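# Structural features, examined
Residue-level listing of the chains:
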Amino acid sequence: MTTSSFEFTDKNQQVEVTSANKSLTFSIVKPEIIQVFQDYGKSTHSYAVEGDKTVDTKYAVSKDADHVIIKTDALTVKVDADLHVDVYDQDNHPLVIHYDGQRESINQNIDSAHKKIVRSEGHEVAAVDEASKTYYEVLNQLDDDEQFYGLGDKTGFLNKRGYEYDNWNVDEPRPHIETFTHLYKSIPILFGIKQGHPYGLFFDNTYRSHFDLGKESAKYYVYSADDGNLNYYILGGRTLKDVVADYTYLTGVVPLPQRWMLGYQQSRWGYSMDPKRVEEIVDKFEQYHLPLEAIHFDIDYMKGYRVFTWDTDKFADPKGFLTSLRKRGVRVIPILDPGVKQDDDYDIYQEGLKKGYFAKNKDGSVYINRVWPGKSAFPDFGNPDVRKWWGKHCKFLLDKGAAGIWTDMNEPATFDGDMPDDVVMTDEDQPSTAKMMHNVYGHNMAKATYNGIKDATGKRPYVITRAAYAGTQKYSTAWTGDNQSLWHHLQMSIPQLCNLGLSGFSYAGTDIGGFSADTTPELLTRWIEAALFSPLFRNHSALQVRNQEPWVFGKQVLDIYRKFLNLRYRFIPYLYDCFKNETETGLPVMRPLVLNYPDDETVRNMNDEYMVGDNILVAPIVQQGQTARAVYLPEGEWIALDSGVQYSGRTNILANVPIDKLPVFIKKDTLMPWGQAVEHISDKPDTKMTFRLFGNAATYTHYQDDGIDFNYQKGEYNQYVVSVTADGNCQIKLDHHGYAGQYQTIDVQLNDRVVEFKFDDKSDSYVAAK
Ligand code: GLC
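Quick caveat, the model's predicted, so the values are computed rather than measured.

## Re the overall build of the protein chain
- Summing up its helical and strand segments, the protein chain has 13 helices and 49 strands in all.
- For 770 residues, the compact-globule estimate of 2.2 N^0.38 gives 27 Å, and the protein chain sits close to it at 27 Å.
- For the protein chain, the C-alpha atoms occupy an extent of roughly 85 × 70 × 55 Å along the three principal directions.
- By the burial criterion, 60% of the 770 residues in the protein chain qualify as buried.
- For the protein chain, the proportion of contacts with a sequence separation of at least 24, taken over those separated by at least 6, is 68%.
- Carbon and sulfur atoms form 46% of the exposed surface of the protein chain, whose accessible area is close to 29,200 Å².
- Positive and negative charge centroids in the protein chain, built from 82 and 108 side chains respectively, lie 5 Å apart.

As structure tokens, then:
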């Protein structure tokens, strides 16, 4: 090729490199973030990145014979005349290096007769060579020690190296296993650690796309897409934490939840067939002194599964019923599916039809497929007017007393075959098709629901979604869909939630106990233990499986279940602080050890331990029949929550873990806020708080607000700095006092005594009681 046309222009932090009539544009967002864009004439609207994120950045561009070189304080990008991109960090360590060789195929080349034979027993055989279908691909060198994380809640393990994944949202009822390439969410953020140096690549393209992370070959990894522009962000930084923060800087953080949202929630498909059944469940929670914040109403509360209806044959007075539950401290979260029943006597369908709000076939007729209500139409959520319309209708549920909305089936799921790619949808103000809008269908439904709740209530909305795209975390919590009551799914819940956390979804959970298949007493017990710090804390099960409420397996399971629910509530103030920190740092609440200890090679493949913020390490039992396990403790000193025994890190210890125990370790020299073991989280401020000292000396910043609305954004919050020195001197500073619900009493539990502080109105400070 001739390199004579190899040149660049540089204007306002945009460097366009041109070679042989092709060009790549590099937008410098900030020193650690550079966007790479190649125009294929497709929509440039981003559903993940809202608003312009660019900050004034110092950078330099130069050219030598072989490369255009773009340099910021954090990244160096070198582009050659073939428009191949290499990236180095601030110290010139390679992060992303283009691979020059050919792709290799791993598909076995067997003839069609043999393919038929293999298939006749039901085995799958790859139909075509994936590599040959590629529209564009980004091919990078893979180092022997390179590790990958992120990608949302894909199946398998924490480290994604050696596997392939697709980005195409799908409703997957079969047991999720590690060879599945895609589930309900598409979150194309890939974090890498190469020779110890972290980076991220965020591919913001909603069309179907694919990652091969060293499965095909140990020499390279590939991202490819079926359509769309080439549009990705290079993320740099000194630590993995910096790189994760870059990603949430771009796609947004999880907004502060209401306090009750961190408490326990009970769900089951079938509860809302009968108000008596719901009451019975609430009665049992009271009778057994089990905390409960919310019951989820599955599809059965609706009239024939019609969204925005309530079956008044079953519930004579829905509002009265929900109010009576609320008085008992229990909120109701009803479900909404996108499918609107095709029924001429149904106002929502009529209205949607009249306004042209449903997705259409190429010929202009409304696209119909079958879901729970039977034949249904699908709101065109990419159209802002449709989102507003949907949001307004949410008021129907909120007026009845719903405390949030669960959005499901929004991949969208369809029972009569997949929705064709050419179904006509809207991309904001442009005509588009399902091919582009499929992966953001759930995102836009969640966004519509979030805004509807926010407008109607003024409170922090509670939305829970199954399908998602990058950035959905701004609008909704997410659960990992229809898992099963399998030990393998309990095991997988840890890497799934850790990778979701790295991928922006700090507020997420799995169906505790498992959704499909019959749980066992032991599995349910180990699940509630392992999920102790799962940000979303919900037990949910399917209609046809055995019951899995805490009491169904007798006293032993019930007592253990209650013990862990109570323990969860002790940690709610800590979790709330973690969420507050997350809104500022963009770092997840539940996280893999590798985020906190990226230089410790031992933790790069750690699938069965997790951390909560920086100070808690959890090592649950996730194997049937096991009552002891190795626990790896990273560097530092750790204190076992149960026994108070102190351990030195960078080694494995053997923990005895009988059925009623969960190994939890607190980092030495931590002050831990210790909440109250209440049965329902009150909307009224707590009058008392306790801090427990683990170790000898610590300082801790604790956050408090009303836990409900957005007034904290106007300064209505309190910030407490609690400190204990090695000589036992203990202090509380009210750093910011903007919320009138300050604690009246604060106890600081030291190793040998409790120091009690009282709030003193006059001095607006805390004074130690004599
Ligand atoms: C889907 C959801 C599940 C729900 C069921 C019925 O399978 O994933 O949570 O219970 O639909 O609405």
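## Brief notes about the UniProt feature "domain: DUF5110" (unreviewed entry) in the protein chain
- Under the local residue numbering, the UniProt record ascribes the feature "domain: DUF5110" (unreviewed entry) to residues 689-750.
- Secondary structure across residues 689-750 comprises 0% helix and 53% strand; the distance between its end C-alpha atoms is 14 Å.

## So, the sheet that holds strand S23 (residues 368-371)
- Spatially, the three strands line up as an open sheet ordered S22-S24-S23, and their pairing is antiparallel. Each edge of the open sheet is held by one strand with a lone partner, namely strand S22 (340-341) and S23.
- In this structure, S22 lies alongside strand S24 (residues 374-377), joined through two bridges in antiparallel fashion. When the sheet's bridge partners are listed, Lys 341 is paired in S24 with Ser 376.

## A closer look at the pairing of strand S16 (residues 209-212)
- Neither face of S16 is exposed, since Ser 209 and Phe 211 on one face and His 210 and Asp 212 on the opposite face are all buried.
- Pairing geometry for strand S12 (residues 164-167) and S16, over four bridges, is antiparallel. What sits directly across from Glu 164, in S16, is Asp 212.
- Judged from the four bridges that link them, S16 and strand S17 (residues 220-225) form a sheet pairing that is antiparallel. From the neighbouring strand, Asp 212 faces S17, where its bridge partner is Val 222.

## Notes on the sheet that holds strand S7 (residues 75-80)
- Strands sit in the order S5-S6-S7-S8-S9 across an open sheet of five strands; the sheet is antiparallel. Both outer strands of the open sheet, strand S5 (60-63) and strand S9 (94-96), are each paired with one neighbouring strand and no more. Taking each pair of neighbouring strands and ignoring which way they run, the sheet shows an average axis angle of 25 degrees.
- Where S5 lies against strand S6 (residues 67-71), four bridges are found, and the strand directions are antiparallel. Among the inter-strand pairings, Ala 60 is bridged to a residue of S6, identified as Lys 71.

## Thoughts on the site of the ligand
- In the region of the ligand, the neighbouring residues are Trp 269, Asp 298, Ile 299, Ile 335, Trp 372, Trp 406, Asp 408, Arg 466, Trp 479, Asp 482, Phe 515 and His 540.
- Taking Asp 298, its side chain carries an N or O atom lying 2.5 Å from an oxygen atom of the ligand.
- His 540 places a polar side-chain atom, nitrogen or oxygen, 2.9 Å from an oxygen atom of the ligand.
- Across the complex, the protein chains shield 97% of the 310 Å² of accessible surface that the ligand would expose by itself.
- Residue composition of the shell around the ligand, grouped by class: seven nonpolar, one polar and four charged.

## Brief notes about the nonpolar core
- Core analysis: the largest hydrophobic core is formed by 197 residues, its most contacted members being Phe 297, Leu 336, Phe 533, Ile 616 and Val 748.
- Here the element with the most residues in this core is helix H11 (residues 555-570); it accounts for eight residues.
- Leave out the neighbours within four places in its chain, and Ile 616 touches Phe 533, Phe 571, Tyr 574, Tyr 610, Met 611, Val 664, Phe 665, Ile 666 and Met 672.
- Of all hydrophobic cores here, the second largest spans 39 residues; its members include Ile 28, Val 79, Leu 83 and Val 85.

## Digging into the environment of Pro 598
- Note that Pro 598 resides in the loop between helix H13 (593-596) and strand S35 (610-612).
- For Pro 598 and Lys 241, which are 357 residues apart along the polypeptide, the C-alpha to C-alpha distance reads 8.9 Å.
- Among residues more than four places away in sequence, those in contact with Pro 598 are Ile 193, Leu 240 and Arg 604.

## Side note on a positive patch on the surface
- A cluster of like positive charges, contributed by Lys 354, Lys 355, Lys 388 and Lys 392, occupies part of the molecular surface.
- Of all the elements in the fold, those that place two or more residues in the positive patch are helix H5 (347-355) and helix H6 (384-399).
- Here Lys 354 lies in helix H5.

## Some details on the domain arrangement of the protein chain
- Each assigned domain of the protein chain is listed here: domain 1 (7-251), domain 2 (264-337 + 383-413 + 430-574), domain 3 (591-667) and domain 4 (684-768).
- With centres defined by C-alpha atoms, the gap from domain 3 to domain 4 works out at 29 Å.

## Describing the side chain of Glu 411
- Topologically, Glu 411 is positioned in the loop between strand S25 (405-407) and strand S26 (424-427).
- What makes Glu 411 buried here is its relative accessible area of 0%.

## Topic: the pattern of salt bridges
- Tallied over the entire structure, the rule returns 48 salt bridges.
- Lys 733 serves as the salt-bridge partner of Asp 735, at 3.6 Å between the closest nitrogen and oxygen.

## Details of the packing of helix H9 (residues 487-502) against helix H10 (residues 521-530)
- Orientation of H9 relative to H10, taken along the N-to-C sense of each, is 5 degrees, at an axis distance of 10 Å. Taken together, the axis directions place H9 and H10 in an arrangement best described as roughly parallel. Taking contact as the criterion, the partners of Trp 487, His 489 and Leu 490 in H9 are, on H10, Glu 522, Leu 523, Arg 526, Trp 527 and Ala 530.
- Here the residues of the contact of H9 with H10 are counted per class, giving five nonpolar, one polar and two charged.

## A word on unusual backbone geometry
- Cis geometry is adopted by the peptide bond preceding Pro 412, which originates at Glu 411 and carries an omega value of -5 degrees.
- Backbone geometry places Asp 764, a non-glycine residue, at a positive phi of 50 degrees.
- With respect to the element layout, Asp 764 can be found in the loop between strand S48 (754-760) and strand S49 (765-768).
- Classification of Asp 764 by relative accessible area gives partly exposed; the value is 36%.

## Some details on the state of the cysteines
- Per the stated rule, a full pass over the model turns up zero disulfides.
- No disulfide involves Cys 578; its nearest neighbouring cysteine sulfur is the one of Cys 498, lying 13 Å away.
- In this structure Cys 578 comes out as buried when scored by relative accessible area, which is 7%.

## Focus on the packing of aromatic side chains
- Tallying each qualifying case throughout the model produces 48 aromatic pairs.
- Aromatic pair Phe 191 and Tyr 247: ring centres 6.3 Å apart, planes at 90 degrees, arrangement edge-to-face. Of this pair, Phe 191 sits in strand S14 (residues 189-194) while Tyr 247 sits in helix H2 (residues 240-251), and the two are 56 residues apart along the sequence.
- Among the residues examined, Tyr 247 registers a relative accessible area of 0% and is labelled buried.
- Ring geometry for Tyr 301 against Trp 310: centres 4.6 Å apart, planes inclined by 55 degrees, an arrangement best described as tilted.
- A network of ring pairs unites the aromatic residues Tyr 40, Tyr 135, Tyr 136, Phe 203, Phe 211, Tyr 223 and Tyr 232 as a single cluster.
- The cationic tip of Lys 580 hangs over the ring face of Tyr 703; the distance from NZ or CZ to the ring centre is 4.8 Å.

Rules and cut-offs
Residues numbered from 1 in each chain as written. Predicted model: local features only at pLDDT ≥ 70, side-chain atom pairs only at ≥ 80, totals over all residues. Heavy atoms only, no water. Helix = DSSP H or I, 4+ residues; strand = E, 2+ residues; numbered from the N terminus. Rg over C-alpha atoms; globule rule 2.2 N^0.38 Å. Buried < 20%, exposed > 50% of the residue type's maximum accessible area, 1.4 Å probe, protein only. Contact = heavy atoms within 4.5 Å. Areas by Shrake-Rupley, 256 points an atom, 1.4 Å probe, with all protein chains shown as cover. Lys, Arg positive; Asp, Glu negative; His and termini not counted. Charge placed at Lys NZ, Arg CZ, Asp CG, Glu CD. UniProt positions renumbered as here; feature names shortened; annotations may be inferred. Pairing = 2+ DSSP bridges. Axes fitted to C-alpha atoms, helices over the stretch in contact; angles between N-to-C directions. Near = heavy atom within 4 Å. Polar contact = N/O pair within 3.5 Å; in protein donor to acceptor, adjacent residues only side chain to side chain. Nonpolar A, V, L, I, M, F, W, Y, C, P; charged D, E, K, R; others polar. Core = buried A, V, L, I, M, F, W, Y, C linked by side-chain atoms within 4.5 Å. Patch = residues over 30% accessible without salt bridge, like charges linked within 9 Å, V, L, I, M, F, W, Y side chains within 5 Å. Salt bridge = Lys/Arg side-chain N within 4 Å of Asp/Glu carboxyl O. Domains from an automatic or database assignment. Parallel < 35°, antiparallel > 145°, perpendicular 65-115°, else oblique. Disulfide = S-S within 2.5 Å. Phe/Tyr/Trp six-rings, centres within 6.5 Å; stacked < 30°, edge-to-face > 60°. Lys NZ or Arg CZ within 6 Å of the ring centre and 35° of its normal.

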